[in-house]
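# Coordinate analysis (summary)
Below, each chain spelled out in residue letters.
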Amino acid sequence: MDFNFSDEQLAIRESVRDLVRDRVAPRAAEIDRSGEYPHDIERLFAENGILGIPFPEEYGGLSGSSVTICMVTEEIARACATSALILGVHALGAYSVLLGGSEEQKRRILPELARGRLTCYALTEPDAGSDAGALRLSARRLGDEYVLNGIKTFITHASVAETMIVFARTGGLGPGGVSAFFLERERSPWRVLKVETKMGIRGSPTAQIAFDDVIVPAANRLGLEGQGFKIALGVLDRSRPGVAAQAVGIAQGALDFALEYAKQRHQFGHPIASFQGLQWMLADMATQIEAARQLLYFSAWKVDRGDPDMTRAAAMSKMFCSDMAMKVTTDAVQILGGYGYISDYPVERMMRDAKITQIYEGTNQVQRLVIARALIG
């Protein structure tokens with residue numbers, strides 16, 4: 001196992017780090033305050049090739065490597081979790097087409113997405129969250145087209161994306177009746193019912209959407225009928241390290257700020273960083289982050305290799321890193337005391353943002369089930 005980044009990856013990281021410092025970090029607090037989607041950050045990422053990172057070079061992208069995606073996600077999330085999701089959700093679309101698409105579909109769809117045409121991923125429904133195999137959105141075949149009817153909920157970026165990967169029922173009940181489709185908004189328009197008001201990641205729109213006799217060409221079905229659930233699970237195996245990377249980035253950003261604050265804040269005539277109680281907190285936070293980071297890149301490395309046990313590794317990293325981020329950001333708020341609880345300082349935003357990493361891409365309770373089943377066989 002070699003966890004050293006290549007020279008190319010290091011160059012990408014430095015470029016992204018500079019971009020985040022200069023353009024993303026100054027916007028983070030305002031994005032959170034306004035709750036408005038940062039179209040300017042999306043354009044910035046597209047113009048600088050960041051939205052091309054999830055795609056292999058042969059399809060017009062820059063990498064396609066899970067390790068590289070996670071590395072960039074971590075850098076962005078240190079400053080702004082909302083902005084990191086622009087890349088993360090776009091990668092969900094990439095994985096869906098790469099796993100389920102034919103070669104013709106890959107060459108038709110992926111170059112456009114690699115250039116920055118934003119996509120999203122629609123799996124969850126009001127009665128099908130953790131039990132994704134219970135979804136009800138119907139896709140009825142009529143000649144060379146499908147007609148979609150139903151509702152999806154908690155769909156990240158559904159109100160701003162131009163394309164969508166959607167999972168719908170083409171057959172009987174259960175996972176075997178689910179198929180996957182690639183939708184283009186101008187040809188297969190979905191309807192936004194509402195955009196949720198959330199605790200964290202406030203600038204990332206989470207929408208409930210409706211499909212009212214939406215027509216989708218049969219040529220846009222990914223894989224065979226009934227293969228959708230398998231594609232969805234394969235995508236989640238590959239996307240969960242990205243959530244872990246977001247969690248590690250959030251935690252690292254919180255530690256960075258708390259450490260500098262502790263050096264500057266004086267009580268009883270000394271910097272509070274000189275007090276042993278806070279030193280131990282900082283030491284624990286740094287150790288927890290580094291342990292999580294190693295598990296994160298271990299799981300991403302397994303994804304890139306296609307190892308048969310990557311499902312377990314991805315679930316472990318998502319679970320461990322997100323639980324860690326919640327603890328570290330809570331401790332960062334504690335280090336700042338009363339100042340940590342007010343929005344003038346970023347750690348309360350980071351704590352709110354960290355919470356969602358324990359919930360989406362499969363709750364951490366579901367991750368424990370995945371890990372346990374892998375262990376038991």
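For the structure itself, look to the data block above.
Residues numbered from 1 in each chain as written. Predicted model: local features only at pLDDT ≥ 70, side-chain atom pairs only at ≥ 80, totals over all residues. Heavy atoms only, no water.

## Brief notes about the overall build of the protein chain
Of the regular secondary structure elements, the protein chain holds 10 helices and 10 strands. On the principal axes, the C-alpha backbone points of the protein chain span a range of 80 × 45 × 40 Å. Counting over 377 residues, the protein chain shows a buried share of 56%. Long-range pairs, those at least 24 residues apart, make up 75% of the contacts in the protein chain with a sequence separation of at least 6. Put simply, the protein chain shows about 16,200 Å² of open surface, and 53% of that area lies on carbon and sulfur atoms. Charge centroids of the protein chain, computed over 41 positive and 45 negative side chains, lie 4 Å from each other. (Helix = DSSP H or I, 4+ residues; strand = E, 2+ residues; numbered from the N terminus. Buried < 20%, exposed > 50% of the residue type's maximum accessible area, 1.4 Å probe, protein only. Contact = heavy atoms within 4.5 Å. Areas by Shrake-Rupley, 256 points an atom, 1.4 Å probe, with all protein chains shown as cover. Lys, Arg positive; Asp, Glu negative; His and termini not counted. Charge placed at Lys NZ, Arg CZ, Asp CG, Glu CD.)

## Structural notes on the layout of surface pockets
Size it by volume and the second largest pocket reaches roughly 290 Å³. The wall of the second largest pocket is formed by 15 residues, among which Val20, Ala25, Arg78, Ala79 and Asp256 lie closest to the centre. Of all the secondary-structure elements, those providing two or more residues to the lining of the second largest pocket are α1 (7-34), α6 (228-264) and α9 (347-356). In terms of residue count, the dominant contributor to the lining of the second largest pocket is α1 (6 residues). Among the residues making up the lining of the second largest pocket, the classes are represented as 8 nonpolar, 1 polar and 6 charged. (1 Å grid on protein atoms, 1.4 Å probe; cavity = no way out; pocket = protein on both sides within 12 Å on 5 of 7 lines; lining within 4 Å. Points joined across faces, edges and corners; volume = space filled by probe spheres on them. Nonpolar A, V, L, I, M, F, W, Y, C, P; charged D, E, K, R; others polar.)

## Here we look at the environment of Gln267
By the secondary structure assignment, Gln267 is in strand β9 (residues 266-267). Classification of Gln267 as partly exposed rests on a relative accessible area of 34%. Taking the C-alpha atoms as reference points, Gln267 and Phe45, separated by 222 residues in sequence, lie 42 Å from one another. The residues contacting Gln267, other than those within four sequence positions of it, are Ile272 and Phe275.

## Brief notes about the pattern of salt bridges
Scanning all chains against the criterion turns up 29 salt bridges. A salt bridge links Arg78 to Asp256; the shortest N-O distance between them is 2.7 Å. Within this pair, whereas Arg78 is found in the loop between α3 (66-77) and α4 (81-100), its partner Asp256 is found in helix α6, the two being separated by 178 residues in sequence. On the basis of relative accessible area, Arg78 is assigned to the partly exposed category, the value being 26%. In this structure, Glu104 and Arg108 form a salt bridge, with 2.9 Å as the shortest nitrogen-oxygen distance. Residue Glu104 and its partner Arg108 are both found in helix α5 (residues 103-114); the two are separated by 4 residues, about one turn of the helix. (Salt bridge = Lys/Arg side-chain N within 4 Å of Asp/Glu carboxyl O.)

## Some thoughts on α1
Compared with the 40 Å implied by 1.5 Å per residue over 28 residues, the 38 Å span of α1 between its first and last C-alpha is a close match. At Val24, α1 shows its largest kink, close to 45°, and the proline Pro26 lies no more than four residues downstream. Residues of α1 that are buried include every one of Gln9, Ile12, Val16, Leu19, Val20, Val24, Ala28, Ile31 and Asp32, and no others. The elements touched by buried residues of α1 are α2 (39-47), α3, α4 and α9. Directly beyond the C-terminal end of α1, a positive phi value near 70° is found at Gly35. (Expected span 1.5 Å × (residues − 1). Bend = angle between axes of the 7 residues up to and from the residue.)

## Structural notes on empty space enclosed by the protein
Across all of its chains, the model carries 1 cavity of 30 Å³ or more by this definition. Space inside the largest cavity adds up to approximately 30 Å³. As for the largest cavity, its lining consists of Ala28, Ile31, Asp32, Cys80, Ala81, Thr82, Ile201, Arg202, Gly203, Arg349 and Asp353. Broken down by secondary-structure element, the contributors of at least two residues to the lining of the largest cavity are α1, α4 and α9. With 3 residues, the single largest contributor to the lining of the largest cavity is α1. In terms of residue class, the lining of the largest cavity is made up of 5 nonpolar, 2 polar and 4 charged.

## Details of the state of the cysteines
Every disulfide links exactly two cysteines, by a covalent bond between their sulfur atoms. Under the counting rule described, the total for this entry stands at 0 disulfides. Take Cys70: it sits in no disulfide, and the sulfur closest to it among the cysteines is that of Cys321, at 9.2 Å. (Disulfide = S-S within 2.5 Å.)

## Structural notes on the pairing of strand β5 (residues 178-184)
Burial analysis of β5 places 7 of its 7 residues in the buried class, which makes it a mostly covered element. Residues of β5 alternate between two faces, with Val178, Ala180, Phe182 and Glu184 on one and Ser179, Phe181 and Leu183 on the opposite face, all of them buried. Across 2 bridges, the pairing between β5 and strand β8 (residues 221-222) is antiparallel. Residue pairing for β8: Phe181 is matched across the bridge by Arg221. (Pairing = 2+ DSSP bridges.)

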